[in-house]
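# Architecture at a glance
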Amino acid sequence: ARNSDAILIVLDNTRDVISDYEEIVNSLEENGVLLKKPRGRVVIERERMGKTGIRVTLMGKLLDATIDDIRRLLESYHIYNAHVKIYGEVSIDDVEEAVFENKVYKPCIVAINKAEVDIEKARGEAEKLHKLLPDTPIILGSAKLNRGYEKLGQIIFNILGIIRIYTKEPNGDIAERPLILKKGATVYDVARSIHRDFIERFQYAKIWGPSAKYPGERVGLNHVVEDGDIVEIHIRG
């Protein structure tokens, strides 16, 4: 569970749904896996190759520190190449805790299976679970009848924070297949996904799509891209 991108909890509607759910959640929390979304969270993606330095993407608020404080903290732990993503309200202690990965938040989906056995009971249990985890998608389904799970793929796509970025060569066509990146990715991540040399040879990028202020906006490596963006990277020859 700690190494997963998300957790799917499948509960049996013929059993005590709430009791089974609480047992699973307690087991996860004992091992430092949280399902309730914290006030803020920190993701540290360590770079294994090259000299990229410490990059910080701020998608929230630092309560008691600056970006330079984060860099100094990581360097004190001999972390010199990493991408730090800040979501929500975060303290310097939260950043330090993320270094050791003592606690990790995982987005979650709850599926109540065998809903066809007693649909009213399933709906009642879903209401109780919604109060415990208001931000968690709850599905009522039947594997036996193959019903209720039609939107599961889209739900997974949404909770994983996946975005699709389409690349384009200068004066060329837009790629049919997108790059699949995590929400909060930057032009740096796009360039690295294409080829590591693109970072060293990078000049600028042009953006079309939701993150662009205007079509073809010229941006740098730290520009945060959004789902559906088209990115054209210009490099030195």
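Going by the structure above, here's the rest.
Each chain has its residues counted from 1, running along the sequence as written. The predicted nature of this model means local features are confined to residues of pLDDT at least 70 and side-chain atom pairs, given and counted, to a pLDDT of 80 or more, with totals for whole chains, interfaces and linings taken over all residues. The basis for the side-chain values is all heavy atoms of the structure; hydrogens and waters are excluded.

In this text, helices come from DSSP runs of H or I with a minimum length of four residues, and strands from runs of E with a minimum of two, each type numbered from the N-terminal end. Along the chain, D229 turns up in the loop between β12 (217-219) and β13 (230-235). It is R164 that comes nearest to the buried, bridge-free D229 among opposite-charge side chains, at 11 Å. The definition of a polar contact used here is a pair of N or O atoms within 3.5 Å, where within protein one atom must be able to donate a hydrogen and the other to accept one, and adjacent residues in sequence count solely through side-chain atom pairs. A distance of 2.9 Å separates a polar atom in the side chain of D229 from the backbone nitrogen of E226. Contact criterion: two residues are considered in contact whenever any of their non-hydrogen atoms come within 4.5 Å of each other. Contact partners of D229, with chain neighbours within four places excluded, come to R164, I165, Y166, I207, W208, G209, P210 and S211. With a 1.4 Å probe rolled over the protein chains alone, any residue whose accessible area is under 20% of its type maximum counts as buried; one over 50% counts as exposed, and the rest are partly exposed. Charged residues are defined here as Lys and Arg on the positive side and Asp and Glu on the negative side; His and the ends of the chain fall outside this count. Throughout this description, the term salt bridge denotes a Lys or Arg side-chain nitrogen within 4 Å of a carboxyl oxygen of Asp or Glu.

A word on the environment of P38. With respect to the helices and strands, P38 occurs in the loop between β2 (33-34) and β3 (40-46). We classify P38 as partly exposed; its relative accessible area is 31%. On a C-alpha basis, the gap between P38 and V90 in space is 9.7 Å, while along the polypeptide they are 52 residues apart.

Here a strand pair is declared whenever DSSP counts at least two bridges between the two strands. Spatially, β3-β5-β4 is the arrangement adopted by the 3 strands of the open sheet, whose pairing is mixed. Every interior strand has two partners, whereas the edge strands, β3 and β4 (54-62), have only one. On average, each strand axis in the sheet is inclined to that of its neighbour by 5°, with strand direction left out of account. Examined bridge by bridge, β4 and strand β5 (residues 82-90) share 9 bridges and lie parallel to one another. Note on β5: the bridge partner recorded for L58 is I86. Docked against the sheet, helix α2 (residues 67-76) engages β3, β4 and β5, running at close to 130° with respect to β4. The sheet strands contacting helix α3 (residues 92-100) are β3 and β5, and the helix crosses β3 at an angle near 45°. The axes used here are C-alpha line fits, helices contributing only the stretch in contact, and every angle between their N-to-C directions lies in the interval 0 to 180 degrees.

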